[in-house]
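This is what each chain is made of:
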Amino acid sequence: KLEPTKKREMDLAPESSLIEKENLDSSATTITLFLTTFVAVAGSFVFGSAIGYSSPVQSDLTNDLNLSVAENSIESSSRILDVSVLNVSKYLQYSLFGSILTVGAMIGAAMSGRISDLIGRRATMGFSEMFCSLGWLVIYLSKVTIWLDAGRFLVGYGMGILSFVVPVYIAEITPKDLRGCFTTVHQLMICLGVSITYLLGSFVGWRILALIGMVPCVVQIMGLIFIPESPRWLAKVGRWEEFEIVLQRLRGESADVSNESSEIKEYTRRLSQISEGGIFDLFQEQYSKSLLVGVGLMALQQFGGVNGISFYASSIFVSAGLSSKIGMIAMVIVQIPMTTIGVILMDKSGRRPLILISAAGTFIGCLLVALSFSLQGVRTFSGGASYIALTGVLVYTGSFSLGMGGIPWVIMSEIFPIDIKGSAGSLVTVVSWVGSWIVSFAFNFLMNWSPAGTSFVPILLLLFQPIFTLYLNVKCISK
């Protein structure tokens, strides 16, 4: 006879382990499944657009708003303020604008699990897009920095909700054998959003770019009218008739969904016998490994420095003596194909090999960037230092896109039992955004202090990544 704790672990094991016997016919992809996924990942594109916005517009926006304030300060207080103080003020203002996105995202992420459990995955995506649309509009109309920051905060709040609900929704609507591939499309669309924003930002002004940012928000809001709710959420709230209809619609009219339907019903029945876990329930022993994996991967993802490069790539290229436009275009050329390769390999090679390769590549990329800044003062190598910096940034972004960008989000959507998925997903997403805020706010100051030293900081953490991946014996990473 099983002990109560063991029985609970079996009853509420991650969903990926409970549907191994799904009928092959129910795994067929349908037009409805593709359309539903496309509408969902429009939110991922919004996510990417918000991340990529601050880098290409930095010079244009600073000259239009921030520097005019600094010039007035010089005229009115020239005997009090010196140039170094004004430089710090400029870094502070733009660092606040860049990083306040992540403050909003933290709040959105903290609320995302509960909101999506209460009103459903589809309604939650629509709710988040209202904030994103309003935020982009406020940025477009801004004439002073406080409204600029307010708009950025609103976009961040919506983005924080999307960062949780989109991968969870996709994981819940797709068959098990396609789940990894489809969920990784979330990261592909984030990459596409970042890349297109980088590209457009090199040719249009910051106001027009903010207006363009509203387009995918509108696309998703309109698309949500035509796509179904998550069948797993419908089962959870007891809407059984609608659950059957939606599941059949997603798998195709001719597909046999009896096995998958039975598994979901049985799982939901077991779940209904146990109260839903709160935030403090996450720290029970049976959830410790899942929590360690989710939090650990997100922390390593963020403190590896990705948002420093994503938010301020143009300033890195300028500091290295390169054209920011050439550097941004080169990043676009590398990011999209590498993310696509990661999507293709996700379910073929497994999570662990991709994480290891990605960690090795990001380590090498950071090392090259640090080396390039270190060689700038050496006359013999100063001419080639800028090309080493460009190579390093491209190696870093390409390697990150291959694995570490998407895999932590895929794992997050798979490893937590559904009774704690809302609370656990919110906690892990908040950890991600806290790390993102620390990196994005501090990055400009650290670059002003020492570009080479800034590049060496994430190298130490990137060394720990393969150790964490290799020795943590968790089933969901090994496959």
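Predicted model, so just to flag it, every value in this text is computed and none were measured. (Residues numbered from 1 in each chain as written. Predicted model: local features only at pLDDT ≥ 70, side-chain atom pairs only at ≥ 80, totals over all residues. Heavy atoms only, no water.)

## Focus on the packing of aromatic side chains
Note the following rule: Any two of the Phe, Tyr and Trp rings considered here, Trp counted by its six-membered ring, make a pair once their centres fall within 6.5 Å; the pair's planes then place it as stacked at under 30 degrees, edge-to-face at over 60, or tilted in between. Numbered from the N terminus, helices here are DSSP runs of H or I no shorter than four residues, and strands are runs of E no shorter than two. Summary of the burial criterion: residues with accessible area below 20% of their type's maximum are buried, those above 50% are exposed, and those between are partly exposed, where the area comes from a 1.4 Å probe applied to protein chains only.
Tallied over the entire structure, the rule returns five aromatic pairs. With a centroid separation of 4.7 Å and an interplanar angle of 65°, the aromatic rings of Phe131 and Tyr157 are classed as edge-to-face. You can see Phe131 sitting in helix H5 (residues 121–141) and its partner Tyr157 sitting in helix H6 (residues 145–173), a full 26 residues away along the chain. Look at Tyr157 and you get buried, because its relative accessible area is 8%. These aromatic residues form a ring-pair network of at least three members: Phe127, Phe131 and Tyr157.

## Details of the nonpolar core
What counts is decided by this rule: Among buried residues, the Ala, Val, Leu, Ile, Met, Phe, Trp, Tyr and Cys ones that are joined through side-chain atoms within 4.5 Å form a nonpolar core. In this analysis, two residues are considered to be in contact whenever any of their non-hydrogen atoms come within 4.5 Å of each other.
Ranked by size, the top nonpolar core spans 107 residues in total, and within it Tyr53 and Trp136 carry the most contacts. Broken down by element, the residue count for this core peaks at 13 residues, all from H6. Ignoring anything within four residues of it in the chain, the contact list for Trp136 reads Ser49, Ala50, Tyr53, Val155, Ala210, Gly213, Met214 and Cys217.

## Things to note about the side chain of Thr174
Selection rule: Under the rule applied, a polar contact is a pair of N or O atoms within 3.5 Å (in protein, one hydrogen donor and one hydrogen acceptor; residues adjacent in sequence only if both atoms are side-chain atoms).
Considering the arrangement of structural elements, one finds Thr174 in the loop between H6 and helix H7 (179–201). Polar contacts involving the side chain of Thr174 include one to the main-chain carbonyl oxygen of Ile170, which spans 2.8 Å. Leaving out residues up to four positions away in the same chain, Thr174 has contacts with Leu33, Arg179, Phe182 and Arg251.

## Remarks on the packing of helix H2 (residues 31–53) against helix H8 (residues 206–223)
We apply this condition: Note on method: axes are straight lines fitted to C-alpha atoms, helices fitted across the in-contact stretch only, with angles between N-to-C directions ranging 0 to 180 degrees. Roughly parallel covers angles under 35 degrees, roughly antiparallel covers those over 145, roughly perpendicular covers 65 to 115, and oblique covers all other angles. In this scheme the handedness of a crossing depends on how the near helix is turned from the far one: anticlockwise by less than a right angle means left-handed, clockwise means right-handed. Classification used: nonpolar for Ala, Val, Leu, Ile, Met, Phe, Trp, Tyr, Cys and Pro, charged for Asp, Glu, Lys and Arg, polar for all others including Gly.
Contact geometry of H2 with H8 gives a least axis separation of 8 Å together with a crossing angle of 165°. In terms of axis orientation, H2 runs roughly antiparallel to H8. Between H2 and H8 the crossing geometry is left-handed. Between H2 and H8, the residues in contact are Val39, Ala40, Ala42, Gly43, Phe45, Val46 and Tyr53 and Trp206, Arg207, Leu209, Ala210, Pro216, Cys217, Gln220 and Gly223, respectively. Within the contact of H2 with H8, the residues separate by chemical class into eleven nonpolar, three polar and one charged.

## What to know about the packing of helix H10 (residues 240–251) against helix H11 (residues 258–272)
Remark: H10 packs on H11, axes separated minimally by 11 Å, with the N-to-C direction vectors making an angle of 145°. In this structure, H10 meets H11 at a crossing whose hand is right-handed. Residues Trp240, Phe243, Glu244, Leu247 and Arg251 of H10 lie in contact with H11, whose contacting residues are Glu260, Ser261, Ile264, Lys265 and Thr268. By residue class, the composition of the contact of H10 with H11 is four nonpolar, two polar and four charged.

## Looking at a nonpolar patch on the surface
For clarity, the cut-off: Exposure above 30% relative accessible area and the absence of a salt bridge qualify a residue for a patch, where like charges join within 9 Å and nonpolar side chains (Val, Leu, Ile, Met, Phe, Trp, Tyr) within 5 Å. Methods summary: accessible areas were calculated by the Shrake-Rupley approach with a probe of 1.4 Å, and residue burial reflects only the protein chains presented. Salt bridge, as applied in this entry: a Lys or Arg side-chain nitrogen positioned within 4 Å of an Asp or Glu carboxyl oxygen.
Where nonpolar side chains cluster on the molecular surface, the patch consists of Leu35, Phe38, Ile196, Leu200, Ile208, Ile212, Val215 and Val219 and spans about 630 Å² of accessible area. Those elements that provide at least two residues to the nonpolar patch are H2, H7 and H8. Of the residues forming the nonpolar patch, the biggest block, four residues, is contributed by H8. With a relative accessible area of 41%, Ile208 lands in the partly exposed category.

## Points about the confidence of the model for the protein chain
Cut-off, in case you're wondering: Confidence of the predictor at the level of single residues is given by pLDDT, which spans 0 to 100.
When pLDDT is averaged along the protein chain, the result is 77, and 81% of the positions lie at 70 or above. With pLDDT under 50 throughout, residues 1–13 is counted as low confidence; its partners more than four residues away or in other chains account for 20 contacts.

## Observations concerning H10
How we decide: Every helix has an expected span of 1.5 Å times one less than the residues it contains.
Its twelve residues place the ends of H10 17 Å apart at the C-alpha level, agreeing with the 16 Å of an ideal helix rising 1.5 Å per residue. Against H2, H6, helix H9 (231–236) and H11 lie the buried residues of H10. Phi for Gly252, located one or two positions after H10, is positive at around 105°.

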